[in-house]
Amino acid sequence: MGPELSAYSDALDRRVDTLLFGRPVWQMMVGFWPNAEAISQDPHVTAFAPFWRATPKIVFSHGYPGDEWTTRVVRGDLQAEVTALKAQPGADLLLTGGVSLAAALTDLGLVDEYHIAVHPVVLGGGRKLFAEPKQRLHLRTGESHLLDGQVVVTSYKLAD
């Protein structure tokens, strides 16, 4: 992650007070971020790790029991749970990855804003970002940035 993408990420982090994860992404995150500075001295890592550790983290999973870093595991009605979270006072909620959870939240109309980063790497295969949405999604482009001379990040909100 270059310095501009790191700064973009940091600006998003300053807007939130709760991080959301599906179980697969959570298990990757919890395998790295608790001790990230011992693994990497990358400036983004050393800046983000304390934020990650200090910020409440909610994992959405029917079977995951939770762990010492999980603030809460949500197993129930996704729409009711996320609607209740959004209604609480405080800053924004941030989901940073997880195609299945993002798709489910999108289908329920619970995503207010998307920030999509396109990296110049072709891997092949993978999962669609918006796999088979139940209805057409009309988005309005917010801002688009070329960061570190290679990553394009575009923000979108639902069109009125």
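A brief structural summary. All values derive from a computational prediction rather than experimental measurement.

### Here's the deal with helix H2 (residues 23-30)
- Residues of H2 that are buried include every one of Val25, Trp26 and Met29, and no others. Summarising the axial view, the buried residues of H2 lie within an arc of 100°, below the 170-degree limit, and thus occupy one face.

### Regarding the pattern of salt bridges
- Here the structure, examined in full by the defined rule, presents 6 salt bridges.
- A salt bridge links Arg15 to Asp92, with the shortest nitrogen-to-oxygen separation between them at 3.4 Å. One end of the pair, Arg15, is in the loop between helix H1 (3-13) and strand S1 (16-22); the other, Asp92, is in strand S4 (residues 92-95), and 77 residues separate them in sequence.
- A relative accessible area of 34% places Arg15 in the partly exposed class.
- What makes Asp92 partly exposed here is its relative accessible area of 36%.

### Structural notes on the side chain of Ser155
- Residue position: Ser155 is located in strand S7 (residues 151-158).
- Accessibility expressed as a relative area gives 9% for Ser155, which makes it buried.

### A look at the sheet that holds S7
- Read across the open sheet, the 3 strands follow the order S5-S7-S6; overall the sheet is antiparallel. Strands at the two margins of the open sheet, each flanked by one partner only, are strand S5 (113-118) and strand S6 (139-147). Each strand of the sheet is rotated relative to its neighbour by a mean of 20°, with strand direction disregarded.
- Judged from the 6 bridges that link them, S5 and S7 form a sheet pairing that is antiparallel. Paired with Tyr114 across the two strands is Tyr156, which belongs to S7.

The rules we used
- Residues numbered from 1 in each chain as written.
- Predicted model: local features only at pLDDT ≥ 70, side-chain atom pairs only at ≥ 80, totals over all residues.
- Heavy atoms only, no water.
- Buried < 20%, exposed > 50% of the residue type's maximum accessible area, 1.4 Å probe, protein only.
- Helix = DSSP H or I, 4+ residues; strand = E, 2+ residues; numbered from the N terminus.
- Arc of directions from axis to C-beta.
- Salt bridge = Lys/Arg side-chain N within 4 Å of Asp/Glu carboxyl O.
- Pairing = 2+ DSSP bridges.
- Axes fitted to C-alpha atoms, helices over the stretch in contact; angles between N-to-C directions.

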